[in-house]
Amino acid sequence: MARESQASPDQCVVILGDQLDPAHLLVAKLNPARDRVFMAEVREESTHVWSHKARIALFLSAMRHFRDDLRSRDLKVQYLELGRHSHASLAAALTAELKLHRPQRVTMLQAGEARVQAAIEATVERAGLPLQVVEDPHFLVQSKTFRAWLGQRKQPRLEHFYRATRKQTGILMQGDEPLGGQWNYDTANRASFGRQGPAQLPLPPAFPPDKITRDVIRLVNREFPDHPGTLHSFDWPVTPADAQIALRDFVDHRLASFGTYQDAMWTGEPFLYHSLLSSSLNLKLLNPRDVLDAAGISLQDNAAPLACVEGFVRQVLGWREYVRGIYQARMPEYAGLNALGAEQDLPAFFWTADTDMVCLREAITQTLQYGYAHHIQRLMITGLFCLLLGVRPQQVHAWYLAVYVDAVEWVELPNTLGMSQYADGGYLASKPYVASGKYIDRMSNYCKGCRYNPAHATGEDACPYTTLYWDFLVQHRERFAHHPRTALQWRNLER
Ligand code: FAD
Ligand code: SF4
């Protein structure tokens, strides 16, 4: 017994699959002779929602690369590979680890997901050990700063948070004023591609699978054969070095048109001018400060116009930090909200793309192929359809959390429940994002190849979006007809 306690590590540092920061705060402070890192691939994390194969492969490959990097620095890493242990959950795997090695204490960065944090806390408490939880320094706005900001207002609004955060960080600021004299370039950032379509689009860089990723792809195909999606086109960044290449490529080739076309869609073009950086950011392969700095330098060098850079900064510094703050402040009760009383089931074609609605077929097909759709496809194609149809928000949430490579709950849930489904009754975003098929027709070429007509609400060729849009207005007239931001849409209903 005495010998075993002498060999016990001082601390066990738990590192989760979305905490793969090359400058991980707790790793930097490790004593290689005394401390151990614990990481585990567990089935539950791939099955608690029916995860896309690419999402599973991305996490596992990035984790294994991170493990190898730690080991190359002579750190002791206890790493459990899926298929080589029998623990079904992270809690079970950690219980076994703590029993075997009896560290003095357990440390971790705050988990992004409330469920995971609660499971680890309960596990460590059951083991009778102290747990130290440290705030994740990845984010620019600390939890306590967000809570203080939130505490001062009845109703949070992105625009107010975004301006406060620009002032606090000095990003795109000239003294106390926004650079260029305007906070917001939204009106410049809503162009469609017109009839002619996009010009020659720059190809995003490829990250062909290396040996680790190829092993993981085989593992995922073997362990999760029935899960949605394919791995044929898997080439997401899985290391910090890959993520830096992806960032550089975006800034050099796509940022200058990002803002202008950020809401546009086009058949067969899944990526357009988007950054494709969300999965690298969410796994912490990439730091948002580096991303914002790179965009700022591009502006200084006149390589990208202010409107485009502001549109991008608004997403990374604004929305990303804002939804995280809301998630932390409102969980766990937020996950159960359903303000509009939506009770329909998610249509089965969301898992197959088998539909004659071209817009949905495009968005879902590319989702199944790459684990990616851009923001307007998520908000105004798949999300809008669920909102208009009245699908139960928790089912919509489970789908979004399953099918995107960037899906982690702290960012996915507020976007789905709050922004897209209005399930929080307008807490996160002031109005429901509702539109008819005419919006989709304006922002894309999808309707040109569709058997439905976006202008028709009735008849054989009535566009389901347009029919459901008018139905939504009728159903929710009481709630929205006098709302300052939606009254115009409902006045159209009267006409
Ligand atoms: P770009 O269009 O290039 O934007 C740049 C970056 O800004 C993104 O990488 C992302 O980090 C950030 N960003 C942009 N919009 C948002 C937003 N609304 N909230 C938070 N960050 C934002 N994003 C996720 O990262 N994970 C999710 O699980 C997720 N689920 C979503 C679900 C729904 C219903 C909706 C409407 C949006 C969701 N988003 C999610 C936000 C957004 O759609 C994605 O961040 C974006 O499409 C990722 O592609 P990109 O990296 O090319 O982003
Ligand atoms: Fe989608 Fe309607 Fe357009 Fe068809 S007509 S692509 S269903 S919006």
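Coordinates for the structure precede this section.
Residues numbered from 1 in each chain as written. Chains lettered and ligands numbered in written order. Predicted model: local features only at pLDDT ≥ 70, side-chain atom pairs only at ≥ 80, totals over all residues. Heavy atoms only, no water.

**Q** Residues and numbers for the overall build of the chain, please.
**A** If you tally the helices and strands in the chain, you get 22 helices and 7 strands. In terms of overall size, the chain behaves like a compact globule, its C-alpha atoms giving a radius of gyration of 23 Å where 495 residues would be expected to give roughly 23 Å. With respect to the principal axes defined by its C-alpha atoms, the chain has extents near 85 × 55 × 45 Å. For the chain, buried positions account for 58% of its 495 residues. Carbon and sulfur atoms form 51% of the exposed surface of the chain, whose accessible area is close to 21,300 Å². Taking the 53 positively charged and 53 negatively charged side chains of the chain as two groups, their mean positions are separated by 3 Å. (Helix = DSSP H or I, 4+ residues; strand = E, 2+ residues; numbered from the N terminus. Rg over C-alpha atoms; globule rule 2.2 N^0.38 Å. Buried < 20%, exposed > 50% of the residue type's maximum accessible area, 1.4 Å probe, protein only. Areas by Shrake-Rupley, 256 points an atom, 1.4 Å probe, with all protein chains shown as cover. Lys, Arg positive; Asp, Glu negative; His and termini not counted. Charge placed at Lys NZ, Arg CZ, Asp CG, Glu CD.)

**Q** Go over the state of the cysteines, please, and point to the residues and values.
**A** All told, the structure shown has 0 disulfides when counted by the stated rule. Left without a disulfide partner, C386 is nearest to the cysteine sulfur of C359, which lies 12 Å away. With a relative accessible area of 0%, C386 lands in the buried category. (Disulfide = S-S within 2.5 Å.)

**Q** Go over the packing of helix α16 (residues 375-389) against helix α18 (residues 409-420), please, and point to the residues and values.
**A** Here α16 crosses α18 at 55 degrees, and the two axes come no closer than 11 Å. Considered as vectors, α16 and α18 are oriented oblique to each other. Along this stretch, α16 crosses α18, giving a crossing that reads as right-handed. Note on element contacts: α18 touches α16 through N415, M419 and S420, opposite H375, L379, G383 and L387. Looking at the contact of α16 with α18 residue by residue, the classes come out as 3 nonpolar, 4 polar and no charged. (Axes fitted to C-alpha atoms, helices over the stretch in contact; angles between N-to-C directions. Parallel < 35°, antiparallel > 145°, perpendicular 65-115°, else oblique. Left-handed = near helix turned anticlockwise from the far one by under 90°. Contact = heavy atoms within 4.5 Å. Nonpolar A, V, L, I, M, F, W, Y, C, P; charged D, E, K, R; others polar.)

**Q** Quick one: what's the story with the pattern of salt bridges, residue by residue and with numbers?
**A** Tallying each qualifying case throughout the model produces 28 salt bridges. With a closest N to O distance of 3.0 Å, E159 and R163 form a salt bridge. Pair noted here: E159 and R163 are both in helix α8 (residues 158-169), with a separation of 4 residues, about one helical turn. Taking the shortest distance from any N to any O, the salt bridge between D406 and R378 comes out at 2.9 Å. With D406 in the loop between α17 (393-403) and α18 and R378 in helix α16, this residue pair connects regions lying 28 residues apart in the sequence. Within the structure, one salt-bridge network assembled from shared partners comprises E41, R64, R67, D68, E81 and R84. (Salt bridge = Lys/Arg side-chain N within 4 Å of Asp/Glu carboxyl O.)

**Q** Give a detailed account of the site of ligand 2, specifying residues and quantitative values.
**A** Inspection of the region around ligand 2 gives M357, C359, G437, I440, Y446, C447, C450, Y452, P454, C463 and Y465 as its neighbouring residues. Taken together, the residues of the shell around ligand 2 break down into 10 nonpolar, 1 polar and no charged. (Near = heavy atom within 4 Å.)

**Q** Provide a residue-level description of the environment of G449, including the pertinent values.
**A** The topology assignment puts G449 in the loop between α19 (437-443) and α20 (464-475). Between the alpha carbons of G449 and R218 there is a distance of 37 Å; along the sequence they are 231 residues apart.

**Q** Could you give me a rundown of the packing of α20 against helix α22 (residues 487-494), with the residues and numbers involved?
**A** To characterise two packed helices, one gives the angle between the axes of the helices and the distance between these axes. For the pair α20 and α22, interaxial distance at closest approach is 10 Å and the crossing angle is 100 degrees. Taken together, the axes of α20 and α22 lie roughly perpendicular to each other. Two secondary-structure elements touch here, α20 through Y469, W470, F472, L473 and V474 and α22 through Q489, W490, N492 and L493. Here the residues of the contact of α20 with α22 sort into 7 nonpolar, 2 polar and no charged.

**Q** Now, about the nonpolar core: what can you tell me, with residues and values included?
**A** L360 and Y465 are the most contacted members of the largest nonpolar core, which totals 145 residues. Residue contributions to this core peak at 12 residues, all from helix α14 (residues 306-330). Not counting residues within four places of it along the chain, the set of residues in contact with L360 comprises F349, F350, T355, T365, I381, T382, F385 and Y465. (Core = buried A, V, L, I, M, F, W, Y, C linked by side-chain atoms within 4.5 Å.)

**Q** How would you sum up the site of ligand 1? Please name residues and give values.
**A** Taken together, 29 residues surround ligand 1, and among them H274, S275, L276, N282 and Y372 come closest. Between an oxygen atom of ligand 1 and a side-chain N or O atom of H274, the distance comes to 2.7 Å. Contacts to ligand 1 include L276, whose backbone N or O atom sits 2.8 Å from an oxygen atom. For ligand 1, whose unbound accessible area comes to 820 Å², protein coverage reaches 99%. Put simply, the parts of the chain that give the shell around ligand 1 at least two residues each are α12 (278-282), α14, α16 and α18. Counting residues per element, the shell around ligand 1 draws most heavily on α18, which supplies 6 residues. Within the shell around ligand 1, the residues separate by chemical class into 15 nonpolar, 10 polar and 4 charged. (Polar contact = N/O pair within 3.5 Å; in protein donor to acceptor, adjacent residues only side chain to side chain.)

**Q** Explain the sheet that holds strand β5 (residues 131-134) to me, using residue names and the numbers behind them.
**A** Judged by pairing direction, the sheet is parallel, and its 5 strands sit side by side in the order β3-β2-β1-β4-β5 without closing on themselves. For this open sheet the edge positions go to β3 (77-80) and β5, each flanked by a neighbour on one side alone. Across the sheet, the mean angle from the axis of one strand to that of its neighbour is 20 degrees, orientation sign disregarded. Docked against the sheet, helix α5 (residues 90-101) engages β1 (11-14), β2 (36-40), β3 and β4 (105-109), running at close to 150 degrees with respect to β2. Against the sheet, helix α6 (residues 114-126) touches β1, β4 and β5, its axis set at about 170 degrees to β4. (Pairing = 2+ DSSP bridges.)

**Q** Before we move on, could you go through the environment of L98 and cite the residues and values that matter?
**A** Along the chain, the position of L98 falls in helix α5. Measuring from C-alpha to C-alpha, the distance between L98 and R43 comes to 20 Å, with 55 residues separating the pair along the chain. Leaving out residues up to four positions away in the same chain, L98 has contacts with C12, P103, V106, V124, A127 and L129.

**Q** Summarise the packing of aromatic side chains; cite the residues concerned and give the values.
**A** Within this structure, the stated rule accounts for 28 aromatic pairs. Here the aromatic rings of W399 and Y404 are separated by 5.9 Å at their centres, their planes lie at 85 degrees, and the arrangement is edge-to-face. A relative accessible area of 1% means that Y404 is categorised as buried. Between the aromatic rings of Y400 and Y404, the centroid separation amounts to 6.0 Å while the plane-to-plane angle is 25 degrees, which identifies the pairing as stacked. Since its relative accessible area comes to 5%, Y400 is described here as buried. An aromatic cluster is defined as three or more aromatic residues linked by ring pairs; in this entry it consists of F349, F350, F385, W399, Y400, Y404 and Y465. In this arrangement the basic side chain of R330 is found over the ring face of Y427, its NZ or CZ atom lying 4.3 Å from the centre. (Phe/Tyr/Trp six-rings, centres within 6.5 Å; stacked < 30°, edge-to-face > 60°. Lys NZ or Arg CZ within 6 Å of the ring centre and 35° of its normal.)

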